[in-house]
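# Chains, contacts and geometry: an overview
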Amino acid sequence: MSPGFKLPDKWWQWLLVYPGLAIALIPVVTEYLKPSEGDKQFALWTKNISCVEAPFAGVLNEFNVQTSATICKSGDVLVRFIGPSDKRAYRWVPVELFGLRSAGTFSLIGNAMAQAPGARQREEVICQWTLPNGWIIRRVKVDESCFEEHIWGATGEVRRRQPVSCRAPCR
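Residues numbered from 1 in each chain as written. Predicted model: local features only at pLDDT ≥ 70, side-chain atom pairs only at ≥ 80, totals over all residues. Heavy atoms only, no water.

## Looking at the state of the cysteines
Threshold: Disulfide: a pair of cysteine sulfur atoms within 2.5 Å of each other. Secondary structure counts use DSSP, requiring at least four H or I residues in a row for a helix and at least two E residues in a row for a strand, with both numbered from the N terminus. Any residue under 20% of the maximum accessible area for its type is buried, any over 50% is exposed, and the rest in between are partly exposed; the area is computed with a 1.4 Å probe on protein chains only.
A full pass over the atoms with the stated rule returns 2 disulfides. The disulfide partner of Cys127 is Cys170, and the gap between their sulfur atoms is 1.9 Å. The S-S bond linking Cys127 to Cys170 shows a torsion near -90°; that makes this disulfide left-handed. Residue Cys127 is located in strand β5 (residues 123-130), and its partner Cys170 is located in the segment after β8 (157-164); the two are separated by 43 residues in the primary sequence. The exposure class of Cys170 is partly exposed, given its relative accessible area of 37%. Paired through a disulfide, Cys146 and Cys166 show a sulfur-sulfur distance of 2.0 Å. With the S-S dihedral at roughly 110°, the linkage between Cys146 and Cys166 falls on the right-handed side. In this pair, Cys146 sits in strand β7 (residues 145-152) while Cys166 sits in the segment after β8, placing the two residues 20 residues apart along the sequence. Residue class for Cys146 comes out buried when judged on its relative accessible area of 3%. Its relative accessible area of 35% is what places Cys166 among the partly exposed residues.

## Side note on the packing of aromatic side chains
Here is the rule we go by: Side-chain rings of Phe, Tyr and Trp, where Trp is taken by its six-membered ring, are said to pair if the distance between their centres is within 6.5 Å; with planes under 30 degrees apart they count as stacked, over 60 as edge-to-face, and otherwise as tilted. The rule is short: NZ of Lys or CZ of Arg within 6 Å of the ring centre and within 35 degrees of the ring normal puts a charge over the ring.
Tallying each qualifying case throughout the model produces 1 aromatic pair. The aromatic ring of Phe147 is capped on one face by Arg161, whose charged end is 4.1 Å from the ring centroid.

## So, the side chain of Glu148
Where we set the bar: The definition of a polar contact used here is a pair of N or O atoms within 3.5 Å, where within protein one atom must be able to donate a hydrogen and the other to accept one, and adjacent residues in sequence count solely through side-chain atom pairs. Every residue pair with non-hydrogen atoms within 4.5 Å of one another is taken to be in contact.
Here Glu148 is to be found in strand β7. Given a relative accessible area of 12%, Glu148 falls into the buried group. Only 2.6 Å separates the side chain of Glu148 from the side chain of Arg139, close enough to count as a polar contact. Apart from the residues within four sequence positions on either side, Glu148 is in contact with Trp129, Ile137, Arg138, Arg139, Arg160, Arg161, Gln162 and Val164.

## A few points about the sheet that holds strand β2 (residues 66-71)
We count it as follows: Strands are labelled as partners when DSSP assigns at least two bridges between them. Axes here refer to lines fitted to C-alpha atoms; in helices the fit is confined to the stretch in contact. Angles between the N-to-C directions go from 0 to 180 degrees.
The strand order across the open sheet built from 4 strands is β1-β2-β3-β4, with neighbouring strands paired in antiparallel fashion. Across the chains shown, the open sheet's two edge strands, defined by having one partner strand only, are β1 (59-60) and β4 (88-93). Sheet analysis places β2 next to strand β3 (residues 77-82), joined by 6 bridges and oriented antiparallel. Within the sheet, the bridge partner assigned to Ser68 lies in β3 and is Arg80. Running over the sheet, helix α2 (residues 37-47) touches β3 and β4 and is turned about 85° from β4.

Printed below as a string of structure tokens:
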């Protein structure tokens, strides 16, 4: 031990020093033990390896970056970016990021509302606006029906979706 270091002399000093030190170290240890982002991405590649053969259909933006995505049966999403000079990047977005407890609660079939094979629902955004308290209100038209979605901006979660008249004014 260094000459300047002194162990506590009294029992109550031990009672305060070591528990305080242990509590101070908890965040450091838990952060160290967390898997890195690279480990998480690799685990998602491994988990969804059979899914990545699905074709991509991308969208090209004004910056010449093509973005496309594939949704796997697990609910995880693989996003592909192709930039200028054919630079590519892939990023997995785990289903848990959407606030779902497990992939078992996520179903694309259940969300399709039992459409006939080959039938597509056409969704059109009529208008959207933000509220100062963090909510995003979005009016969408699906086929001939309109809905107002209340989206919590911090998570992207649609907390309420209610039918509204398609003629109702925005805002």
